[in-house]
Amino acid sequence: MNSPRVLPSSPLNPASLIAAIVEGSQDAIIAQTPTGIVLTWNRGAERIYGFCAEEMIGKPIAGIVPPDKADELPRLYAELAAGHALQSIETARVRKDGRRIEISLTLSGIYDEHGKLIGFSSIARDVTARNQAIADDRRRQQLLTDFVENATEGLHWVGPDGVILWANKAELESLGYSAEEYIGHHISEFHADEPVICDILRRLTAGDKLHGYEARMRAKDGSIRHVLINSSVYFEAGKFVHTRCFTRDITTRKAIEEELRTAQEKLRQQAEELEKEVSKRTTELRQTVQSLEGMCYTMAHDLRSPLRTMQSFAQILVSEYGPRFDDEGRLYAERIVASANRMDQLIRDILEFARLSHTDVPTESVDLNEQALFWERHFGDEIQARGAQFKVQRPLPAVAGNRLLLEQVFTNLIMNALKFTSPARRPEIEITGHAEGGFAVVCVRDNGIGIAPEHRERIFGLFQRLHTSEQYPGTGLGLAIVRRAVDRMGGSVTVESDPDHGSTFRLRLPLAPLEA
Amino acid sequence: MSSAWLLNVDDNRDDALLLRHACKKAGVRFELTTASHGAEAMEMLWQARTQDGRLPSLILLDLSMPVMTGFEVLEALRREPTTRGLTVAVFTSSENECDVAAAYGRGADYYLSKPSDVKQLIALMRGIDEAAAASQDHPWACLRTFPTYKVHKQGQ
């Protein structure tokens, strides 16, 4: 080996220069005999291998060679002896602490002035960290490559000219093209809607990001695939390099959505038709009921005309010809009059009930205390005749109702209370009232014969009579009228009864609004 | 001057018979004639007017009748100048508000419901008789003030 070349005029001593370089180097610089005994061991070697110079000089260099590389040095020495240059050989050594390190090794021969090989110099650099970094980098790249290539989401790059630069497997498989059929072609060839891909490219070029952009692509088999695109552009120094496009195939989802939409639409149509049908039937039913009620009204009305005639002629018979009859004849004629009168009352009740069903019921604030005066006057004679006790517990609440209907309701209830009296007791009738949750509760209590539990709902029905007309006369419509009237005023009526103590009719009616 | 004349137009023979009975019981002084439907009433009016120029003081007019209904009679009477001024009281068992409105709309002077009680009918006839006797031009106030009948008069 030649000495370092030095400027001839320089005062620099080549030997001291070499010593300075060797000692200052970060690399391990070691001289060894041709048989591998260490001659020099610089500071770099101490740092890299952990052994100090005293520990190594005079010892075989093989001490830091790992067993699996045992034959390496003899082989390298032989190669060098044969005149080969050995630079940057990747190999491994073992440090004093036992840790294996990777090194980059350069070996050179050392010759005497006669050109005889007298030893070797080796320069080694610890490349463990560098190699690890390279390995890590390679691994990361491998993972990334796997990630993009084998992801189940379609990925592709499109260049600034719209040409596809790269696409992953999922994208190709989803559309059915080979890499050659897809990559290198303009992206618009694969879109079903020209304006859509134009818009996508325009937006991306402008630097927009696309999130969940819906588009339709054409697969190789001609079918349309619905896709959801997420994309942005990779710019390098302001220059469009390629798009980062994620393409999710949502064809199945779209089909399901479409099916769902169709089903929903069908359901909606069917519901609509059903609604229409129901509405139509309801209208028809309402018309039928109305016409039946109208017919009932007309019938009842028409029945009154011949009845009136019967009543009148029977009356004439009794009043004009009565004296000429014997007692039996007179009784029969009177029976005709009484029957006709009863029938007249029945028809009046039917008409009243029918009227309640199809006329407007205007409501106003009604003071029941005032009405009570009317009840007392109206029933005064009968109360007296029956020796009854009639008590109204004042004040009664003011209700929102119809004056005439209320009059009818209370007339019917009081009339019933006076009628269905028990022979065992002196009749008592008491009317009480109080406000309760927005409603006025008015009770008509009597101590009459009461109503058996099984009849308590029945008595509010049409033509429901629990007694013969000889026992207790009546049309069987009184309480039906009460219930219908109370219903029409937005209230309700119930009965509580005990055969031993009488009945209490409980009316719930809307309270009159407070005077402003 | 001859006595007052009441023309009762009613197809219901029973009602007509009852009215006649009531008049007898009330001892009325007016003359009572009965027509069994509208056309017969019009015929009677035409004959009476052409023969002796006489017209009824009051017409009691039923509504639902065959041949010619009460409404048609009303229209015919109000169309003819000679009968336009006649006093006509609709006398019916209908209490239908539509009928009441229609009757007044066609020019009825009164709307009376037929009473179901003979005594009331007798009292009505007595009232009419007194009104007729008091004055030929009497406005038949008894029909309006008569307590037991529903007397509907337009605008009241």
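Every chain is numbered independently, its residues counted from 1 as its sequence is written. Here chains are named by letter from A upward and ligands by number from 1 upward, in the order in which they appear as written. Whole-chain, interface and lining totals are the exception, using all residues; otherwise, since this is a predicted model, local features are given only for residues with pLDDT of at least 70 and side-chain atom pairs are given and counted only at 80 or more. Note that the side-chain values use all heavy atoms of the structure and ignore hydrogens as well as water.

*Asks:* Would you take a moment to explain the overall build of chain B for this structure?
*Replies:* Strands are runs of DSSP state E lasting at least two residues, helices are runs of H or I lasting at least four, and both sets are numbered from the N terminus onward. Across its full length, chain B holds 6 helices and 6 strands. When the helices and strands of chain B are placed in sequence order, the string is β-α-β-α-β-α-β-α-β-α-α-β. For chain B, with 156 residues in total, the buried portion stands at 51%. Summing over all exposed atoms, chain B offers an accessible surface of approximately 7500 Å²; the carbon and sulfur share of this is 50%. For every residue, the accessible area obtained with a 1.4 Å probe (protein chains only) is divided by the maximum for its type, and the residue is called buried under 20%, exposed over 50%, and partly exposed between those limits. Only the protein chains shown count as cover for residues, and the accessible areas themselves come from Shrake-Rupley with a 1.4 Å probe.

*Asks:* Any chance you could explain the sheet that holds strand β14 (residues 428–436) of chain A here in plain terms?
*Replies:* Neighbouring strands of a sheet are bound in pairs by backbone hydrogen bonds; such pairs are parallel or else antiparallel. Residues and elements named next belong to chain A. Only when DSSP finds a minimum of two bridges between them are two strands counted as paired. Pairing is mixed in the open sheet, where 5 strands are placed in the order β12-β14-β15-β17-β16. Strands at the two margins of the open sheet, each flanked by one partner only, are β12 (389–392) and β16 (492–498). Shown here is a sheet whose adjacent strand axes are inclined to one another by a mean of 15°, direction ignored. Relative to β14, β12 runs parallel, the two sharing 4 bridges. From the neighbouring strand, Phe 390 faces β14, where its bridge partner is Ile 429. We call two residues in contact when some of their heavy atoms are within 4.5 Å. The angle between two axes is taken between their N-to-C directions and runs from 0 to 180 degrees, where each axis is a line fitted to C-alpha atoms and a helix contributes only its stretch in contact. Helix α12 (residues 403–419) contacts β12, β14, β15 (439–446) and β17 (502–510) of the sheet and is inclined by roughly 170° relative to β17.

*Asks:* Is there a simple way to explain the confidence of the model for chain A in this structure?
*Replies:* Low-pLDDT stretches of the model should not have their predicted coordinates read in fine detail. Confidence of the predictor in every single residue is expressed as pLDDT, which spans 0 to 100. Summary statistics for chain A give a mean pLDDT of 89 and a share of 98% for residues scoring 70 or more. Predicted confidence in chain A is weakest over helix α10 (residues 327–358) of chain A, with a mean pLDDT of 83, and strongest over strand β7 (residues 164–167) of chain A, with 95.

*Asks:* Hey, could you run me through the sheet that holds strand β2 (residues 38–41) of chain A in this one?
*Replies:* Residues and elements named next belong to chain A. If you walk across this open sheet you meet the 5 strands as β2-β1-β5-β4-β3, and the pairing is antiparallel. Bordering the open sheet on either side are β2 and β3 (86–94), each of which pairs with just one other strand. Across this sheet, the average inter-strand angle for adjacent strands is 30°, counted without regard to direction. For strand β1 (residues 28–32) and β2, the ladder comprises 3 bridges, and the chain directions are antiparallel. When the bridges of β2 are listed, Ile 30 appears paired with Trp 41. Along the sheet face, helix α4 (residues 72–81) touches β1, β3, β4 (100–111) and β5 (117–126) and points at about 165° away from the line of β3.

*Asks:* Explanation requested: empty space enclosed by the protein in the structure shown.
*Replies:* One simple way to see leftover space: roll a probe sized like a water molecule over the atoms. Grid spacing is 1 Å over the protein atoms alone, the probe is 1.4 Å, and a cavity is where that probe fits but cannot get out, while a pocket is an open set with protein on both sides within 12 Å along at least five of seven lines and lining residues have an atom within 4 Å of a point. Grid points are joined across faces, edges and corners, and a volume is the space filled by probe spheres set on the points. For the structure shown, the criterion picks out 3 cavities of 30 Å³ or more. Considering only enclosed or pocket space, the largest cavity measures out at about 100 Å³ in volume. As for the largest cavity, its lining consists of 14 residues, and the residues nearest its centre are Asp 15, Leu 18, Lys 114, Pro 115 and Leu 121 of chain B. Taken together, the elements giving at least two residues each to the lining of the largest cavity come down to α9 (251–321) of chain A together with α1 (13–26) and α5 (118–134) of chain B. Counting residues per element, the lining of the largest cavity draws most heavily on α1 of chain B, which supplies 4 residues. Under the scheme applied here, ten amino acids are nonpolar (Ala, Val, Leu, Ile, Met, Phe, Trp, Tyr, Cys and Pro), four are charged (Asp, Glu, Lys and Arg), and all others, including Gly, are polar. Residue classes in the lining of the largest cavity are distributed as 7 nonpolar, 2 polar and 5 charged.

*Asks:* Could you clarify how one ought to interpret the pairing of β15 of chain A in this entry?
*Replies:* Remark: a regular strand shows side chains that alternate across the two faces of the sheet. Residue and element names in this part refer to chain A. With 6 of 8 residues buried, β15 lies mostly within the body of the structure. Across 8 bridges, the pairing between β14 and β15 is antiparallel. Residue pairing across strands places Gly 433 opposite Val 442, the latter belonging to β15. Linkage of β14 to β15, two consecutive antiparallel strands, is achieved through a turn of 2 residues, within which Gly 437 is found at a positive phi near 55°. Where β15 lies against β17, 7 bridges are found, and the strand directions are antiparallel. In the sheet register, Ala 440 faces β17, and the bridge partner there is Leu 509.

*Asks:* Teacher, can you tell me more about the side chain of Asp 15 of chain B here?
*Replies:* Relative to the elements of secondary structure, Asp 15 of chain B occurs in helix α1. If we ignore the near neighbours within four places in the chain, the residues touching Asp 15 of chain B are Arg 308 and Thr 309 of chain A together with Asp 10 and Lys 114 of chain B.

*Asks:* I keep staring at the packing of α10 of chain A against helix α13 (residues 478–488) of chain A and nothing clicks. Help me out?
*Replies:* Between two packed helices, both the angle of their axes relative to each other and the distance between the axes serve to describe the pair. Residues and elements named next belong to chain A. α13 packs onto α10 with a crossing angle of 15° between their chain directions and a minimal axis gap of 10 Å. In terms of orientation, α10 and α13 fall into the roughly parallel class. For α10 against α13, the interelement crossing comes out left-handed. The residues of α13 that touch α10, namely those facing Asp 349, Glu 352, Phe 353, Leu 356, Ser 357 and His 358, are Ala 480, Ile 481, Arg 484, Ala 485 and Arg 488. When grouped by side-chain class, the residues that make up the contact of α10 with α13 number 5 nonpolar, 2 polar and 4 charged. Should an angle fall under 35 degrees it is taken as roughly parallel, and over 145 as roughly antiparallel, whereas 65 to 115 is taken as roughly perpendicular and any remaining angle as oblique. Each crossing gets its hand from how the near helix is turned against the far one by less than a right angle, where anticlockwise is left-handed and clockwise is right-handed.

*Asks:* What should I look at first to understand the confidence of the model for chain B in this one?
*Replies:* Residue and element names in this part refer to chain B. For chain B, mean pLDDT is 82; residues scoring 70 or higher make up 85% of the total. Low pLDDT (under 50) marks residues 146–156, which in the prediction has 29 contacts with non-local residues, meaning those over four places away or in another chain. Predicted complex, confidence summary: ipTM 0.71, pTM 0.47.

*Asks:* How should helix α8 (residues 194–205) of chain A be read in this particular structure?
*Replies:* Each full turn of the α-helix corresponds to 3.6 residues, which orients residues three or four apart in the same direction. A helix is expected to reach a length of 1.5 Å times the quantity of its residues less one. The terminal C-alpha atoms of α8 of chain A, which comprises 12 residues, lie 17 Å apart, in line with the 16 Å expected from a rise of 1.5 Å per residue. Contact partners of the buried residues in α8 of chain A: β8 (210–218), β9 (224–236) and β10 (239–249) of chain A.

*Asks:* Before we go on, may I ask you to explain the nonpolar core in this structure?
*Replies:* Grouped burial of nonpolar side chains is what soluble globular proteins tend to show. Residue and element names in this part refer to chain A. The criterion is simple. A nonpolar core is a set of buried Ala, Val, Leu, Ile, Met, Phe, Trp, Tyr and Cys residues joined through side-chain atoms within 4.5 Å. Grouped together as the largest cluster of nonpolar side chains are 49 residues, with contacts concentrated most on Trp 375, Phe 410 and Ile 431. At 8 residues, α12 tops the list of elements feeding residues into this core. Not counting residues within four places of it along the chain, the set of residues in contact with Trp 375 comprises Leu 368, Gly 380, Phe 390, Val 392, Leu 396, Phe 410, Ile 414 and Ile 431.

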